[in-house]
Amino acid sequence: MENTTSRSTSRSHTVDSAANAKLHDDNSTNMHSVRQPDTLNLVSYSCPEAKVLNSRRKKHLGFAVHSVQASSEPTPQFIQPSKVYYRARYPGTPPYPTRGARQKQIQLQPSKSEISKNTSRRDKLKPYVLEPPVQAQRFPKNKCCDVFPWKGNHPEDHVTDAQARNGQYDKLFVGKHNNEQGSARSPLIATFKQRNGLRSLSSLYLTILEKRQSYSAVTATSTFKPPPRVTLPDQKREAWLRDLANPLVPLRRLSRTIPHGLKGPALLEQCVAKSVPTARAVWFVRCVGANELRGLRRKGVGSLAVGGEAKWINEWTSHVMQFLEKSIGACGTMTDDLWRTKMHYSIRLATHLYAENLLDRMVFLEWYLSFLESSALDVLPLVIVLAPAFWEDLLKLRRFSRRLAEVLLAKYEAVITNNVDQLLMPLIRRLSIMASNLLLCHRESLVGVGDGARLQQFMVLVDSRFSSTQLCLRNVSLRSNYFDGLKGTSNSASVVSDRRKAVEYLDGIELPFNAHDIHQQLSFLLSAADLVPCVFEWAVTSLRTGQYRIYLGAELLRLASVDGFNIQTSVMEFLGRLDVHTKVNKDDVYLLISELVRTEYFSIAVYLRWLIAKGGLAKISYLDEGCPCYVRLLAEIPIHSASAPLRNLRSILLNGCSFDCNAEERSVIESREMLSMRGMFNMPTNVQADRYTGLDRHEMEKIRNLTRTAKSELAQWIKESFEDLVTREQTGQYSWRSASVDSRVNTLPAMQIILIRDVLEQLSDIAVLLDIIKLVLVSDDWDVLTLVADTINYNLEAFWVLHPLNDFVQSLYLKPVSKEFIASFLDLLTATGSEGPIRQEMISDLAVYNQRNPRATAAHPTVTHSPISEPMDDDIFDDADMENNEIDILWNSTVEVDKQNLSRIFETTVSKMETSFEDTDNQSHILTAARGLTKLRQFDADVFDELSQRWVLGMQSYSNRIPLFRAFSSLIAGSCLKLDVLASVALKVLSQHREGLTSAFDGGMFIAMVLQLIIQDDPFRTSLSAKDFYTLKLKRKLFVSASAVGLLGLFRDVFELCTISQDDELNGHVLRLMSSDSTLGILRGLAIQKLDLLKAQVIEPLVQTKKPGCLSWLQQLVDNLLDDNDSNDNSEVDAHVQVARLLDLADDFSISLCKLKMQIILNVDPRAETFGSNDTSLNAGSTIARSFVRGFASASQERRKICTDLITVLSKDCANKIRADVEELFLEWNNFLQTRQLIKQLDLHLVDDHETGESLARAFLSVVEATSSSTQTTVLQFIPSLLVERMVKFIQMISTPDEEAGGVPDLSWRNRDAFSEFRCWFVLFMRLVILHRAGFTQVKSSMIDQARMLAGLCCLLQREIIRNDEAHFELVLGIASSFCDGLPDDTRFQLKRYAKGKRSPPMCSYLVGSGDGAESLKAIQKGKTVEFSIKPWERLAEPTPGIGENDVSLSLALFRTRRF
């Protein structure tokens, strides 16, 4: 704009008055502009004084010099250079010649070589030219009146007779259409005499003026071109730069050409080196930049050109930033005067470039804040010098002002950490002034800068002489504390209770167990009153697995009792509170009480008195398993060590409840007789351990069905009898204590140890079994020691709790060794994680044994101790032994067996075994084949494993599966088939089905039976000896602990095959397998200790299939793990009913499984995936949301906390879905802020009043807060638009005082209940806006929505209901600040367009910014106002050599400019 004005003083142009007024208004708004002239005066041109030159000399260009008085006032330092320089003239600068003279005199002269070639010496002389007299009257364009030098072609040059007679005159031209020379009186006089004559005259003059304006209007296109760049030699370039630095040399002369090659850092360095005046340096920068940008426009098209311009401007800005950093960084490296001069010039030039908008202001301000932040204390005062030049711009936008406050606080902290001396006092005073200005005038910039401690440090920095300082700082602290919470997340760690932390700690403990350390850690988390119930419930809950929990819990309770806490009272109160909602295993409860009674930490007398006082037996007519646990304990508590009065009292109480105590005594006596008949203490020596089968199934079932009282008494009898047996001091085969007894008879039969071990494990009395093992450890029999090692390995966790395992390891290490014992001992060391010298020595002993027995060298060291491999001499196997004659011959010989013969013998043996599968009752052929294959494996284990894997793979579709898996069990027990091989083959079944090699039914049955073999105890009734059966159990346990991934993969595949097959037989088989106690025990252990693995291997793959059958199997699986007996089939149950049921099941022990259940619920119902449906009644997601909101609204504070805990531990996807459902229910158009409609939608039986509305709003808010910890990775595109629409509706509602018309009720101080309800709904809506803050930036289509939301928040700040509540006002302002923090430039532009033509709120300019520093003009085209941006790089102060009618960068036609 100023450029146009300055040029009007030297050209024959006038500007329309309207455009001039607009131009003046725009100039007056600029903070750096100077006063413009009131009107554009018409310029009167004076012809310069002409000179008569000799025709034989070259023409000299003469300019009349006018004296100009130099201005005595210096140029302001921070005023835009162009707006000062354009109106000032340097002293002694000659006036500019007129345009006509310039065009006439300044022409391109040919070179001397061209003149010499094309002209002669005569032509080189310039002819005489008649110059017009000085006194001649002149017209524009420097033309004189009636001065026509003789040229031979003028009419006066030809003398005629008429000219001689009459003289020279212009003839009157009379034409048909040209009457300008004639009078208009005759055609117009009649019109003027009429009544409308004056109007006609006025119309005539208007027409004449319009014609004049149209003829004199500037219509030519802009011919502006920057000064061209020419490559000059170094000498001429230096001369040109010296002329540029000389104020006496006009820029008009320099604008003919500018040197090429000066740009970027070189340009700035040359300006500094030559001390170019700042205004002339800015002019030179404009010339270079204009040429560069025009070159980029010529190269690029469309957006490519725009991108190139922006890139060049950014590069130029970076050059200026580097130039400043270099100049300031040179502090102390140069002489004082030279450095100070250079620094002053650099700062002045940079500020002028910034003021002239020749830099990217946003980038420059970002750099300045970064430079200020990274500056050391030595250069910090120099960097702060730049702050006043950008202070206003830094405080215009929140993103700059907030960062400026953070930087100032950080610098002050850096200053006070050093020793404050006198040198730093000016710096501290400067920081104090800036901080005081921020706090008193711009305290919004301090919101969110730091916590209370940092703000207190900021208080020290602020000048305390101001009285309002403390109030302002307190206001900032309160707003910052709330602003810190607007992060869209919640601290889920604070929600987790100490009780759940204790449960998670107990679930995560691993071997080796240290009860004292565990008790100490629990004491830090819980008090003694809370610790006892927590430990007791963890030990007996049905949601945990492992018998070691009972013994560890008993030990922890004993430690609590040692600390002085009465554990019995707490335990009895816990038993009294048990109900159907508490998932406990009653057998574990009775076992734990039995352990406490055995160690005398639970008194039977106290329990009986408490039970009688409680009246627990008053309403009990029959004492069965369904009675309350604390009542049933009367029939289960051990009394074998109690006194006779207590035993009689118990019998009296039980007889009153129809419980037969005599039958209990008879069962114990019968069990004793049965065990005595089986030879528990008088086992015959002629029975081989390999043939001993132990107790049958009926006998085992009878022992398991005994009460805990009978079991404890029976276990105590076994212990005492065994102690009497081994401690006899008489010579005999059973005497272990007599030193004179020969070692051959100093052992017990292994069958006797096997029987005692099996009975005690069925009685679940590991403590007595441990005492038996301690007594047996003195034996020197290898078979007995092998049994001891296997027993310890199988019950490792429980033994470790009861007794240190190091004693057992040392005792076994000192015993004589055999290969079978070494293998078992190595398995035990592996299970305990021992890698010490004992393990290395055992491995060495095993290698020595293999060298002595080459036949067994190829066998695996840990699987060569099968009893089946030994000769069997029983008569029932005589005929079957003939089948292995060839194997026995090869075994007894020393010949080697090649691969071909090994394969032939293997195929022959397995084919004979397959033929025997038809006789399902006779298993002798299977056992014989297993014995032969075990021997055959010793020849070449690798080849044998390959053959066995191939054979198992071919038996997948075998129809007679029971004998097949009996053979598998025998081979696994005989260590010639690995469970890993069987599991790997089963894992290939699903892929084979997909390839069409097997059916879904056959594959599913094969996998299901493999799982049965791995998990269940003898599911196929295999005829194995007791020792083989225990070996198989141990192998199954080791496989489950080492191959959890493969086991879970089998469950996943069988669920998917069941879904594909849809066969009832297969589904029933898998359902029975999944509901078994052994399966649930293993899966619960994995769900607690390896939950991520369970989710990755089973839950997530089946959920991703989106198959209803797979999801139904998952739901059934989780229901079984939750011990939810009421949900047998949830396939037809609605999702919200399952959620309501899940809320009842949730507690500290089931929270992880409830998370899985919730995830499956949201995926089972296909309607749950629909979000934002118009039909809410069909939306399952809305019903789930209703379940949660209904539960929160009607629940107490304690129950609401449990529900909150359930939601907070859900996965992000589950929590996002729940929150999305609640948001959809709340944000529905008809439900939004309508309590009555929400009560109707939720089907709540509540009264429609303000208290109900507040409770409902708090319920919604609780659900949203509980799920706010989950961050959505994928943002729904319609959420930002939906929130914007609800914001508009909310503004309309608070603007409408009539509640019947859709507004809010009276919210004045008189109606406190209504205002309290409104606050809850308002906070809920604002919380939703905060949670979805990220969605406004992630979705591309939400830029306008972000701008509209920010504008809506600014509108809320103007509402009286918000302004009157300080908390509400600060909340809205904080949210608006979070929206403007990090606001992209394109969104700011969208907001600017949105607010154009509207009344923008006062805070909008601070939060968003009124502009980016670019200036623009408005012009009218075709009746419409069009905005044109001014190109700062083309606002040159001097005209360019190519002078034209419209040679400005912004076309003069936009301003209706006319020629004068």
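In the block above lies the structure referred to throughout.
What you see as residue numbers is a count from 1 along each chain, following the sequence as written. Local features in this predicted model are restricted to residues of pLDDT 70 or higher, and side-chain atom pairs are both shown and tallied only at a pLDDT of 80 or more, whereas totals for entire chains, interfaces and linings draw on every residue. Side-chain metrics in this entry use all non-hydrogen atoms of the structure; hydrogen atoms and water are not considered.

A. The arrangement of helix H24 (residues 515-525) in detail. Between buried and exposed lies partly exposed: a residue is buried under 20% and exposed over 50% of the maximum accessible area for its type, with that area taken using a 1.4 Å probe on protein chains only. Note on conventions: DSSP H or I runs of at least 4 residues are helices, E runs of at least 2 residues are strands, and numbering of each starts at the N terminus. Every buried residue of H24 is listed here: Ala515, Ile518, His519 and Leu522. Along H24, the residues classed as buried sweep out an arc of 95° about the axis, all on the same side. Exposed side chains of H24 directed beyond 90 degrees from the buried face belong to His516 and Phe524. The contact criterion used throughout is that any non-hydrogen atoms of two residues lie within 4.5 Å. In this structure, the buried side of H24 is in contact with helix H23 (498-508), helix H25 (528-540) and helix H26 (548-562). The directions considered for the arc are those from the helix axis to the C-beta atoms.

B. Spatial organisation of unusual backbone geometry. Here the amide bond leading from Leu511 into Pro512 is cis, since omega sits at -5°, within 30 degrees of zero. Positive phi, close to 65°, is recorded for Ser658, a residue that is not glycine. A relative accessible area of 46% places Ser658 in the partly exposed class. The phi dihedral of Gln1062 is positive, around 60°, even though this residue is not glycine. Taking the relative accessible area as the measure of exposure, Gln1062 reaches 55% and is therefore exposed.

C. Quick peek at the packing of helix H15 (residues 361-374) against helix H18 (residues 398-417). Remark: H15 packs on H18, axes separated minimally by 9 Å, with the N-to-C direction vectors making an angle of 15°. As judged from the angle between their axes, H15 and H18 are roughly parallel. Here H15 and H18 pass one another in a crossing that is left-handed. Contacts between H15 and H18 involve Met362, Leu365, Glu366, Leu369, Ser370, Leu372, Glu373 and Ser374 on the former and, on the latter, Arg399, Phe400, Arg403, Leu404, Val407 and Lys411. Ten residues, namely Ala, Val, Leu, Ile, Met, Phe, Trp, Tyr, Cys and Pro, are considered nonpolar, four, namely Asp, Glu, Lys and Arg, are considered charged, and the remaining ones, Gly among them, are considered polar. Here the residues of the contact of H15 with H18 are counted per class, giving seven nonpolar, two polar and five charged. All axes here are fitted lines through C-alpha atoms, helices being fitted over the stretch that makes contact, and every angle between N-to-C directions spans 0 to 180 degrees. Reported orientations rely on four angle classes, namely roughly parallel under 35 degrees, roughly antiparallel over 145, roughly perpendicular from 65 to 115, and oblique for the rest. A crossing counts as left-handed when the near helix is turned anticlockwise from the far one by less than a right angle, and as right-handed when that turn is clockwise.

D. Region of the structure containing the packing of helix H45 (residues 924-937) against helix H47 (residues 961-973). Their axes nearest at 9 Å, the elements H45 and H47 cross at an angle of 40°. Accordingly, the angle class assigned to the pair H45 and H47 is oblique. As for the relative orientation of H45 and H47, their crossing is right-handed in sense. Where H45 abuts H47, its residues Ile926, Leu927, Ala930 and Leu933 lie against Pro963, Arg966, Ala967, Ser970 and Leu971.

E. How the structure looks around the packing of aromatic side chains. Only centres within 6.5 Å qualify two rings of Phe, Tyr or Trp (six-membered ring in Trp) as a pair; their planes then separate them into stacked at under 30 degrees, edge-to-face at over 60, and tilted for everything else. What the rule picks out here adds up to 31 aromatic pairs. An angle of 25° between the planes, with centres 5.6 Å apart, marks the rings of Phe1290 and Phe1322 as stacked. With a gap of 32 residues between them, Phe1290 in helix H64 (residues 1278-1295) and Phe1322 in helix H65 (residues 1312-1331) connect regions that are remote in the sequence. What makes Phe1290 buried here is its relative accessible area of 0%.

F. Quick peek at the pattern of salt bridges. Within this document, salt bridges are pairs made up of a side-chain nitrogen of Lys or Arg and a carboxyl oxygen of Asp or Glu, the two lying within 4 Å of each other. By the definition in use, this model includes 45 salt bridges. Where Arg361 meets Asp393, a salt bridge forms, and the shortest distance between an N and an O atom there is 4.0 Å. Taken as a pair, Arg361 in helix H15 and Asp393 in helix H17 (residues 387-396) lie far apart in primary sequence, 32 residues in all. Classification of Asp393 as buried rests on a relative accessible area of 12%. Among the ionic pairs, Arg499 bridges to Asp1148, the shortest N-O distance being 2.9 Å. One end of the pair, Arg499, is in helix H23; the other, Asp1148, is in the loop between helix H57 (1135-1145) and helix H58 (1151-1164), and 649 residues separate them in sequence. The partly exposed category is assigned to Arg499, whose relative accessible area is 26%. Through salt bridges with shared partners, a single ionic network connects Arg294, Arg297, Glu309 and Glu1434.

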